[in-house]
Amino acid sequence: MKHISGKSMSLGSVMVDIEGAELQAHEVERLMDPLVAGVILFSRNFESVEQLTKLTHEIHELRHPKLLIGVDHEGGRVQRFRSGFTHIPPMRVLGELYEKDEKHSYEVAEKIGWLLAAELLAVGVDFSFAPVLDLDYGGSKVIGDRAFHNNPIAVGNLAFHVMNGMHKAGMASVAKHFPGHGFIEADTHLEVAIDHRPFAEIQRHDIQPFLRLIENSVDAVMPAHVIYPKMDKNPAGFSEFWLKDVLRKQCHFEGAIISDDMSMKAATEYGTAAERVLKALHAGCDLVLVCNDPMAADEVLSKVHWHSDTLSHARLIRLHAHGKFEYSKLQYEPLWQAATAVVNKINQKEDQQELI
């Protein structure tokens, strides 16, 4: 495959995906488009630790500054890479631990944050779209055990410690799904989601964990593809009210705003792929995800003309990995040994409960 390595160009505003376990020529061409800022990886892009490390290296070599590489690696159901990685338990487990021993739950949360970050950094991934700050109201199809707890204070504190662990390893964190996705049952991948609650209620409960992390320098926030009609007819990710007025001005958030996937059912109602991306950018997103639809990605790259400002670019640059680990040496790292011992113990308990 021939391409010019390390071409200097600023990061764009769109994150795309790739088809398989290695880069194809037409994908290299797509990634060299000035509008592209990074690549999101999925399970289909993973065969082995060696293959993944090679793939991330090739992506990073394409441009300068390096393209961002992100992945959904929260634990539980949402962990794209399995073989060769520690199985991270669902975050609800930390909430259950919090009920028994608050202090211990924070220690475990920090270890888990460090562990998931260190293992991803060791294979060349820049950041994970984690932690989930949605409250567990008990009815959500898509959130469920991805949520830490139903208490905003517990969620804020546990997520803070996960973020702290990620930061200690050298990884940025992404708080999602602002202003809160836990109340509604609908799965936004498959259907339109509407939350009819008033602003005061969302502010009093769901926004609190986000404020806790914003006060402690969370790097990025992902808005929900949820409509809150009492405030705005648009989903949060397309809403200037939520992104500019609430998140930026009222919550004083200065990091990157990253949209959820524009190919999800809750987003596709809002025009063509290019129109949706522009809507999200105008609403205040710094980075927009276009996944699982190569034709949509190409349409966006050919039709969207957008030059992000210096501040937006700086926010994205800060999402690059700061920690460096060698995968082959990770198991000799005392922090890794301590963290995996704790996680394995939790996983054994979970397995035993399933057997009962």
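Please refer to the structure higher up on the page.
A quick note: this is a predicted structure, and the numbers were derived from the prediction, not measured.

**Q** What should I look at first to understand the overall build of the chain in this one?
**A** Helix and strand content of the chain: 14 helices and 14 strands. Taken over the C-alpha trace, the chain has a radius of gyration of 19 Å; the compact-globule value for 356 residues is 21 Å, and the two agree within 12%. For the C-alpha atoms alone, the extent of the chain along its principal axes is close to 55 × 50 × 35 Å. Going through the 356 residues of the chain one by one, you find that 60% of them count as buried. Sequence-distant contacts in the chain: of pairs separated by 6 or more residues, those separated by 24 or more amount to 78%.

**Q** What is the right way to look at the side chain of S105 in this model?
**A** One can find S105 in helix α4 (residues 102-121). S105 gets classed as buried once you look at its relative accessible area, which sits at 0%. Discounting residues that sit within four places of it in the chain, S105 has contacts with L94, L97, Y98 and L158.

**Q** Explain the pairing of strand β11 (residues 220-223) here, please?
**A** Regular strands place their side chains on alternate faces of the sheet. Judged by which residues are buried, β11 turns out to be covered on both faces: A220 and M222 on one side and V221 and P223 on the other are all buried. Here strand β9 (residues 172-178) runs beside β11; their pairing, made up of four bridges, is parallel. Note that in β11 the partner of A175 across the bridge is V221. In this structure, β11 lies alongside strand β13 (residues 256-261), joined through two bridges in parallel fashion. Residue A220 lies in a different strand from β13, and its bridge partner there is A256.

**Q** Looking at this model, I keep getting lost on the packing of α4 against helix α5 (residues 152-169). Mind explaining?
**A** In helix packing, the relevant descriptors are the interaxial angle and the interaxial distance, both defined with respect to the helix axes. It is the contact of α4 with α5, at a shortest axis distance of 7 Å, that shows an interaxial angle of 40 degrees. On the basis of the axis angle, α4 is oblique to α5. In this structure, the crossing between α4 and α5 has a hand that is right-handed. Facing α4, whose interface residues are S105, Y106, A109, E110, G113, W114, L116, A117, A118 and L121, α5 presents N157, L158, H161, V162, N164, G165, M166, K168 and A169. When grouped by side-chain class, the residues that make up the contact of α4 with α5 number 11 nonpolar, six polar and two charged.

**Q** Can you walk me through the nonpolar core in this structure?
**A** Within soluble globular proteins, side chains that are nonpolar tend to cluster in buried spots. Residues L41, L94, F127, W242 and I258 are the most contacted members of the largest nonpolar core, which totals 123 residues. Sorting elements by how many residues they give to this core places α4 first, with 11 residues.

**Q** Before we go on, may I ask you to explain the environment of S259 in this structure?
**A** With respect to the helices, strands and loops of the structure, S259 is situated in strand β13. Taking C-alpha positions, S259 is 9.8 Å from K176, a pair spaced 83 residues apart along the chain. Aside from chain neighbours lying at most four places away, what touches S259 is M222, P223, C285, L287, V288 and L289. Here the side chain of S259 touches L289 through a polar contact of 3.0 Å, landing on its backbone nitrogen.

**Q** Got a minute to help me understand the pattern of salt bridges in this structure?
**A** Note that side chains of opposite charge can pair when their charged atoms are close. With the rule as written, the count across this model stands at 19 salt bridges. Across the pair R80 and D72 runs a salt bridge whose closest N-O atoms are separated by 3.5 Å. D72 sits in the buried class, given a relative accessible area of 13%. Salt bridges sharing partners connect three or more residues here, namely D72, E74, R80, R146 and K176.

**Q** Is there a simple way to explain unusual backbone geometry in this structure?
**A** Leaving glycine aside, a negative phi is the common case for residues, and trans is the common case for peptide bonds. In the segment running from H64 into P65, the intervening peptide bond is cis, with an omega of -5 degrees. Tracing the sequence through the fold places P65 in the loop between β4 (63-64) and β5 (68-71). Each neighbour pair has its own omega, and for A130 with P131 the value is 10 degrees, a cis peptide bond. Here P131 is to be found in the loop between β8 (127-128) and α5. Unusually for a residue other than glycine, N292 sits at a positive phi of about 55 degrees. Mapping N292 onto the fold places it in the loop between β14 (287-289) and α11 (294-303). Classification of N292 by relative accessible area gives partly exposed; the value is 47%.

The rules we used
- In this convention, every chain numbers its residues from 1, walking through the sequence in written order.
- In view of the model being predicted, local features appear only for residues whose pLDDT reaches at least 70, and side-chain atom pairs are presented and counted only at 80 or more, with totals across whole chains, interfaces and linings using the full set of residues.
- Only heavy atoms go into the side-chain values, all of them from the structure, while hydrogens and water stay out.
- Here a strand is any run of E in DSSP of at least two residues, a helix any run of H or I of at least four, and the numbering for each starts at the N terminus.
- The quantity called the radius of gyration is restricted to C-alpha atoms. Its globule counterpart is 2.2 Å times the number of residues to the power 0.38.
- Classification of residues uses two cut-offs on accessible area relative to the type maximum, computed with a 1.4 Å probe and protein chains only: under 20% is buried, over 50% is exposed, and between them is partly exposed.
- We call two residues contacting when some pair of their heavy atoms lies within 4.5 Å.
- We call two strands paired when DSSP finds no fewer than two bridges between them.
- Angles here are taken between N-to-C directions and fall from 0 to 180 degrees, while the axes themselves are lines fitted to C-alpha atoms, restricted in helices to the stretch in contact.
- When describing relative orientation, an angle under 35 degrees is termed roughly parallel and one over 145 degrees roughly antiparallel, while 65 to 115 degrees is termed roughly perpendicular and anything else oblique.
- Crossing handedness: left-handed means the near helix sits turned counterclockwise from the far one by under a right angle, and right-handed means the same turn made clockwise.
- Amino acids outside the nonpolar list (Ala, Val, Leu, Ile, Met, Phe, Trp, Tyr, Cys, Pro) and the charged list (Asp, Glu, Lys, Arg) are all regarded as polar, and Gly is one of them.
- Definition of nonpolar core: a set of buried residues of the types Ala, Val, Leu, Ile, Met, Phe, Trp, Tyr and Cys, connected through side-chain atoms within 4.5 Å.
- In the analysis that follows, any N or O atom pair within 3.5 Å is treated as a polar contact, provided that within protein one partner can donate a hydrogen and the other can accept it, and provided that, for residues neighboring in sequence, both atoms belong to side chains.
- Salt bridge, as used here, is a side-chain nitrogen of Lys or Arg placed within 4 Å of a carboxyl oxygen of Asp or Glu.

By themselves, these are just geometric observations and shouldn't be taken as functional.
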